[in-house]
Amino acid sequence: MALKLRSQMPELDGATTWLNGEFKKSDLIGDKPTLIHFWSVSCGLCKEAMPNVNEFRDKYKDQLNVIAVHMPRSEKDLDLEDIKKVAEEHGITQPIFVDNQHKLTDAFENEYVPAYYVFDEEGQLRHFQAGGGGMKMLTKRVNRVLGIKE
């Protein structure tokens, strides 16, 4: 079972490595809301959803922190060069927490890719969803956290 609503954001500890920059939980709290999305190089749905995630990231860049978490689903997903290549091919320019030991995956109790977690500026979980579709719902929830009227 994934994190419950209103749970505090787990610490961003245990990365095998970070790509495109590095963050601690303390860097994100108190500033602005944060979207953390889990993906994997072997996940077709993740790759299909990535243009939407990137569009989202760019649209809200001044109002929202966006962090990607690479969650390997098999031995083949552990290859760092492959992760870098897929990230580049799919325009993932936001910081990527490479979670080859599933430390953050376990902290989030996350079982899915793609999966999206929206935290408010105080670090409380306000929305969770998994699967390829549903960008409208994600947009709605982020807008609510940002106080944007639709």
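Refer to the structure above for everything that follows.
Residues numbered from 1 in each chain as written. Predicted model: local features only at pLDDT ≥ 70, side-chain atom pairs only at ≥ 80, totals over all residues. Heavy atoms only, no water.

1. Points about the packing of aromatic side chains
Argument step 1. Applying the stated criterion to the full structure yields 8 aromatic pairs.
Argument step 2. Ring geometry for Phe108 versus Tyr117: centroids 4.8 Å apart, planes at 70 degrees, classification edge-to-face.
Argument step 3. With a relative accessible area of 0%, Phe108 lands in the buried category. (Phe/Tyr/Trp six-rings, centres within 6.5 Å; stacked < 30°, edge-to-face > 60°. Buried < 20%, exposed > 50% of the residue type's maximum accessible area, 1.4 Å probe, protein only.)

2. Side note on the pairing of strand β6 (residues 125-130)
Argument step 1. Bridge analysis of strand β5 (residues 115-119) against β6 gives 5 bridges, and the strand direction is antiparallel. Each bridged residue has a counterpart across the sheet, and for Val118 the counterpart in β6 is His127. (Pairing = 2+ DSSP bridges. Helix = DSSP H or I, 4+ residues; strand = E, 2+ residues; numbered from the N terminus.)

3. Observations regarding the environment of Ile96
Argument step 1. With respect to the helices and strands, the residue Ile96 is situated in strand β4 (residues 96-98).
Argument step 2. When the C-alpha atoms of Ile96 and Cys43 are compared, they prove to be 16 Å apart, with 53 residues separating the residues in sequence.
Argument step 3. Not counting residues up to four positions away in its chain, the partners in contact with Ile96 are Thr17, Trp18, Leu19, Asn20, Trp39, Ala68, His70 and Ala87. (Contact = heavy atoms within 4.5 Å.)

4. Quick word on the pairing of strand β3 (residues 65-70)
Argument step 1. The buried fraction of β3 is high, at 6 of 6 residues.
Argument step 2. Taking every second residue as pointing to the same face, both faces of β3 are buried, with Asn65, Ile67 and Val69 on one and Val66, Ala68 and His70 on the other.
Argument step 3. Relative to β3, strand β2 (residues 34-39) runs parallel, the two sharing 6 bridges. Looking across to β3, one finds that Thr34 is bridged to Asn65.
Argument step 4. Remark: the β2/helix α2 (residues 44-59)/β3 crossover connection has right-handed handedness.
Argument step 5. By the bridge criterion, 3 bridges tie β3 to β4 in an arrangement that is parallel. By the bridge assignment for β4, Val69 is matched with Phe97.
Argument step 6. Taken together, β3, helix α3 (residues 80-89) and β4 form a β-α-β motif whose crossover is right-handed. (Right-handed = clockwise from strand over helix to strand, strands pointing away.)

5. Details of α2
Two residues of an α-helix separated by three or four positions point the same way, owing to the 3.6 residues in each turn.
Argument step 1. Its 16 residues place the ends of α2 24 Å apart at the C-alpha level, agreeing with the 22 Å of an ideal helix rising 1.5 Å per residue.
Argument step 2. The largest bend along α2 measures about 40 degrees and falls at Met50, with the proline Pro51 one to four residues further on.
Argument step 3. Within α2 the residues assigned to the buried category are Cys46, Ala49, Met50, Val53, Asn54, Phe56 and Arg57.
Argument step 4. Where α2 is buried, its residues contact β2, β3, β5 and α5 (135-146). (Expected span 1.5 Å × (residues − 1). Bend = angle between axes of the 7 residues up to and from the residue.)

6. Describing the nonpolar core
The tendency in soluble globular proteins is for nonpolar side chains to be buried as a group.
Argument step 1. Among the nonpolar cores identified, the biggest contains 44 residues, and Ile36, Phe38 and Trp39 are the most heavily contacted of them.
Argument step 2. Leaving out residues up to four positions away in the same chain, Trp39 has contacts with Cys46, Met50, Ala68, Val69, His70, Met71, Ile83, Val86, Ala87, Ile92, Ile96 and Val113. (Core = buried A, V, L, I, M, F, W, Y, C linked by side-chain atoms within 4.5 Å.)

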